[in-house]
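Observations on the model geometry
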Amino acid sequence: MPSIKVLAEREERGVRFTGGHTLCAGCAEPMVVRTVLNAIPDPVVVASPTGCLEVATSRFPGTAWNVPWIHVAFENAAAVISGVEAAYKVLRKKGLLDKRVRFVVFAGDGGTYDIGLQALSGALERGHDFLYVCLNNEAYMNTGVQRSSATPKCAAATTAPVGEAIPGKPQERKDLTEIVAAHGIPYVAQAAVSHLIDLANKVERAMNYEGPKFINVLTTCPLGWRTPRDSAIQQAKQAVETRYWPLYEVIEGRYKINYKPKEHVPVEEWLKTQGRFRHLFRDPQGKELIAQIQAEVDRRWELLLKKEQCFGVGG
Amino acid sequence: MAGLKGWRELPLGGVVAGGTARDLNKTGSWRAERPIWHEEKCIQCLQCWLHCPDDSVLIRGGKVTGFDYEHCKGCGVCAAICPKDAIEMVPERGGECARP
């Protein structure tokens, strides 16, 4: 298990992701990227689709990446990494390369849930050996907070604005972690930026498996969530405590919930700290909408508990 | 934008040298608040280093040694995560406006 000391030691030996990128002050994405890269001791090749991370880390003629990194388009990060991994396999087969190289995708929720979904599904089905990390900040933050299929119900977005017709986004968010798990790949997990050591452990465990690996990381966006710029960690932590974002793993089809909050914290506690849900606390209809959000959180949590019971590590 | 390179001088295929953003973008100029590290209160838990979005908490031999003010954007995540209040956020330039 990589402790914080081990991660620090590795970064001192070689920084894989440097400062000087132009992501917002207080953005949670670099925390995830650094932790994932430091959790992998082997050489790494990274691909990213279009998104905040891509535009802010690769402003020509500079780059914040100190590892080989490739960007092609918005929809095909998983296809790109498939090609890189296939080329690597050929080089190994021909005896031109013998070191162990790891392949990682860092993508946003837009490039994963929506635009990159078919490329991802294809890569998972073909069984390429790579780790896909979704930096899920729950909307298209790069272009100015447009709703994605990861955006939670009732969150305000520029393409789902709050008004008389709709109270923010009318639909529920898609459960992508379960969609990925349905591909039957060896390792699927959900993590949050508030639990970085848990994330590092997950990356290390994932790397024990040959084939596609997927980690969906809740990554706070102070700009889009309308929260103070120093609150990224508290926001993600509260999402975990309210059971909105459970930390769990599906290892070879076996479910394991990594953290079960002892107390039932109402999801309202998380919603009320974010500007994107502000209207729920002003509108007379807000109470009912919050009740609906709570009901959905409870439904998903109960379902997850049942899955762990039926398909758990011991089951 | 004087001194723009011609196309013959640009690297083939858009390939750039790794980690060069650090020298090109001094994002410390974004900062409105500056983190101050109080060494005597610090227990070296490295939480600030782990959570820094800008790789701006300097460490040597597994210990915090200070901040990289050239890149720190002053987000305050380190001060918020510190369990011992060893990091204090103070207004940049004593709160005075940069332009008169």
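As a reminder, the structure under discussion sits directly above these lines.
None of the values given here were measured: they were computed from a predicted structure.

1. Things to note about the layout of surface pockets
- Each pocket or cavity is described by its volume, and for the largest pocket that value is around 360 Å³.
- Trp69 and Ile70 of chain A together with Gly14, Val15 and Val16 of chain B are, among the 18 residues lining the largest pocket, the residues nearest its centre.
- Residue composition of the lining of the largest pocket, grouped by class: 8 nonpolar, 8 polar and 2 charged.

2. A word on a nonpolar patch on the surface
- On the surface, Phe60 of chain A together with Trp7 and Leu10 of chain B cluster together into a nonpolar patch covering about 380 Å² of accessible area.
- If you trace the backbone, Leu10 of chain B turns up in the segment before α1 (21–24).

3. A word on the pattern of salt bridges
- The final tally for this structure, using the stated rule, is 22 salt bridges over all chains.
- Residue Lys307 of chain A pairs with Glu178 of chain A through a salt bridge whose shortest N-O separation is 2.7 Å. In this pair, Lys307 of chain A is assigned in helix α12 (residues 286–311) and Glu178 of chain A in helix α7 (residues 176–181), connecting sequence segments 129 residues apart. A single burial state applies to Lys307 of chain A and to Glu178 of chain A, both of which are buried.
- Lys73 of chain B is the salt-bridge partner of Asp54 of chain B, the closest N and O atoms lying 2.8 Å from each other. Residue Asp54 of chain B is located in the loop between α2 (47–51) and β2 (57–60), and its partner Lys73 of chain B is located in the loop between β3 (63–67) and α3 (77–81); the two are separated by 19 residues in the primary sequence.
- Asp54 of chain B gets classed as buried once you look at its relative accessible area, which sits at 2%.
- Residue Lys73 of chain B is classed as buried on the basis of its relative accessible area, which comes to 3%.
- The structure contains a network of salt bridges with shared partners spanning Glu11 and Arg34 of chain A together with Arg22, Asp55 and Asp68 of chain B.

4. What about the state of the cysteines?
Residue and element names in this part refer to chain A.
- This structure, assessed with the given rule, holds 0 disulfides over all chains.
- In this model Cys24 remains outside any disulfide bridge; the closest cysteine sulfur is found in Cys27, 6.3 Å from its own.
- Residue Cys24 is classed as partly exposed on the basis of its relative accessible area of 42%.
- Unpaired in this structure, Cys52 has its nearest cysteine sulfur neighbour in Cys221, at a distance of 6.3 Å.

About the thresholds
Residues numbered from 1 in each chain as written. Chains lettered and ligands numbered in written order. Predicted model: local features only at pLDDT ≥ 70, side-chain atom pairs only at ≥ 80, totals over all residues. Heavy atoms only, no water. 1 Å grid on protein atoms, 1.4 Å probe; cavity = no way out; pocket = protein on both sides within 12 Å on 5 of 7 lines; lining within 4 Å. Points joined across faces, edges and corners; volume = space filled by probe spheres on them. Nonpolar A, V, L, I, M, F, W, Y, C, P; charged D, E, K, R; others polar. Patch = residues over 30% accessible without salt bridge, like charges linked within 9 Å, V, L, I, M, F, W, Y side chains within 5 Å. Areas by Shrake-Rupley, 256 points an atom, 1.4 Å probe, with all protein chains shown as cover. Salt bridge = Lys/Arg side-chain N within 4 Å of Asp/Glu carboxyl O. Helix = DSSP H or I, 4+ residues; strand = E, 2+ residues; numbered from the N terminus. Buried < 20%, exposed > 50% of the residue type's maximum accessible area, 1.4 Å probe, protein only. Disulfide = S-S within 2.5 Å.

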